Amino acid sequence: MRQALLTVAVILAAWIIKTAVTELRHPGSASREWAFLHDSRALSCGAVTAGLLGLVGWLHAGGEGLVWALLAAALAAYAISKVHSG
C-alpha cells in the first residue's frame, strides 16, 4: 500500500511541478491546466470513473486499487475537460 501511495504522490507532484514550470513560462496557463476542477462534465466523468474503478480496484487489490482508481479518475476528468473545451 505504501508503495502505491508513494508512486501516485510522485505522479501528482510531477504534474504540479510541470504546471508550475509552464506557469512561469506562460502566465495564466495554470488556470487552464486545472480548469477541469470547475468543469461539471469532467467532474462527473471523474466521479463515475472513481466509483467503477474504485469498486473493481478494492475487490482485486484492496486499498492500493482505490489509490490507483483516484489517480485514474483525475486523469479521466482532465482528459474529458480538454476534449470538451476544444
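Residues numbered from 1 in each chain as written. Predicted model: local features only at pLDDT ≥ 70, side-chain atom pairs only at ≥ 80, totals over all residues. Heavy atoms only, no water.

Trainee: I tried to follow the overall build of the protein chain on my own but got confused; where do I start?
Mentor: Scanning the protein chain for helices and strands turns up 4 helices and 0 strands. The order of α-helices and β-strands along the protein chain, N terminus first, is α-α-α-α. The principal-axis extents of the C-alpha atoms in the protein chain amount to approximately 45 × 30 × 15 Å. Considering only intrachain contacts with a sequence separation of at least 6, the fraction spanning at least 24 residues in the protein chain is 60%. When the accessible surface of the protein chain is split by element, carbon and sulfur atoms take 71% of a total near 5,800 Å². (Helix = DSSP H or I, 4+ residues; strand = E, 2+ residues; numbered from the N terminus. Contact = heavy atoms within 4.5 Å. Areas by Shrake-Rupley, 256 points an atom, 1.4 Å probe, with all protein chains shown as cover.)

Trainee: Just to check I follow, could you spell out the environment of Trp 34 for this structure?
Mentor: Mapped onto the secondary structure, Trp 34 falls in the loop between helix 2 (29-33) and helix 3 (40-61). Since its relative accessible area comes to 23%, Trp 34 is described here as partly exposed. Leave out the neighbours within four places in its chain, and Trp 34 touches Trp 15, Ile 16 and Thr 19. (Buried < 20%, exposed > 50% of the residue type's maximum accessible area, 1.4 Å probe, protein only.)

Trainee: Before we go on, may I ask you to explain a nonpolar patch on the surface in this structure?
Mentor: A contiguous nonpolar surface patch, about 440 Å² in accessible area, is contributed by Leu 55, Trp 58, Leu 59 and Leu 66. Here the nonpolar patch takes 3 residues from helix 3, the largest share from any one element. Among the secondary structure elements, Trp 58 is positioned in helix 3. (Patch = residues over 30% accessible without salt bridge, like charges linked within 9 Å, V, L, I, M, F, W, Y side chains within 5 Å. Salt bridge = Lys/Arg side-chain N within 4 Å of Asp/Glu carboxyl O.)

Trainee: How should I be thinking about helix 3 in this particular structure?
Mentor: Since the α-helix advances by 3.6 residues per turn, residues separated by three or four positions end up pointing in the same direction. For helix 3, with 22 residues, the first-to-last C-alpha span of 29 Å sits near the 32 Å given by 1.5 Å per residue. Regarding helix 3, the residues found buried are Ala 42, Gly 46, Thr 49, Gly 54 and Gly 57. Residues of helix 3 that are buried make contact with helix 4 (63-85). Two to three positions downstream of the cap, the backbone nitrogen of Arg 41 sits 3.1 Å from a side-chain oxygen, assigning the N-cap of helix 3 to Asp 39. (Expected span 1.5 Å × (residues − 1). Polar contact = N/O pair within 3.5 Å; in protein donor to acceptor, adjacent residues only side chain to side chain.)

Trainee: What is the right way to look at the packing of aromatic side chains in this model?
Mentor: Two numbers describe a pair of aromatic rings. These are the distance of the centres and the angle of the planes. Taken as a whole, this structure holds 5 aromatic pairs when the rule is applied. Taking 4.6 Å as the distance between ring centres and 25 degrees as the angle between the ring planes, the aromatic pair formed by Trp 15 and Trp 34 counts as stacked. One end of the pair, Trp 15, is in helix 1 (residues 2-25); the other, Trp 34, is in the loop between helix 2 and helix 3, with 19 residues separating them in the sequence. Summarising the aromatic geometry, the rings of Trp 15 and Phe 36 are spaced 5.7 Å apart at their centres and angled 10 degrees between planes, so their arrangement reads as stacked. (Phe/Tyr/Trp six-rings, centres within 6.5 Å; stacked < 30°, edge-to-face > 60°.)

Trainee: Would you explain helix 1 in this entry?
Mentor: For helix 1, spanning 24 residues, the distance from its first C-alpha to its last is 35 Å, which sits close to the expected 34 Å at 1.5 Å a residue. All of the buried residues along helix 1 are Ala 4, Val 8, Trp 15 and Thr 19. Residues of helix 1 that are buried in the fold lie against helix 2 and helix 4.

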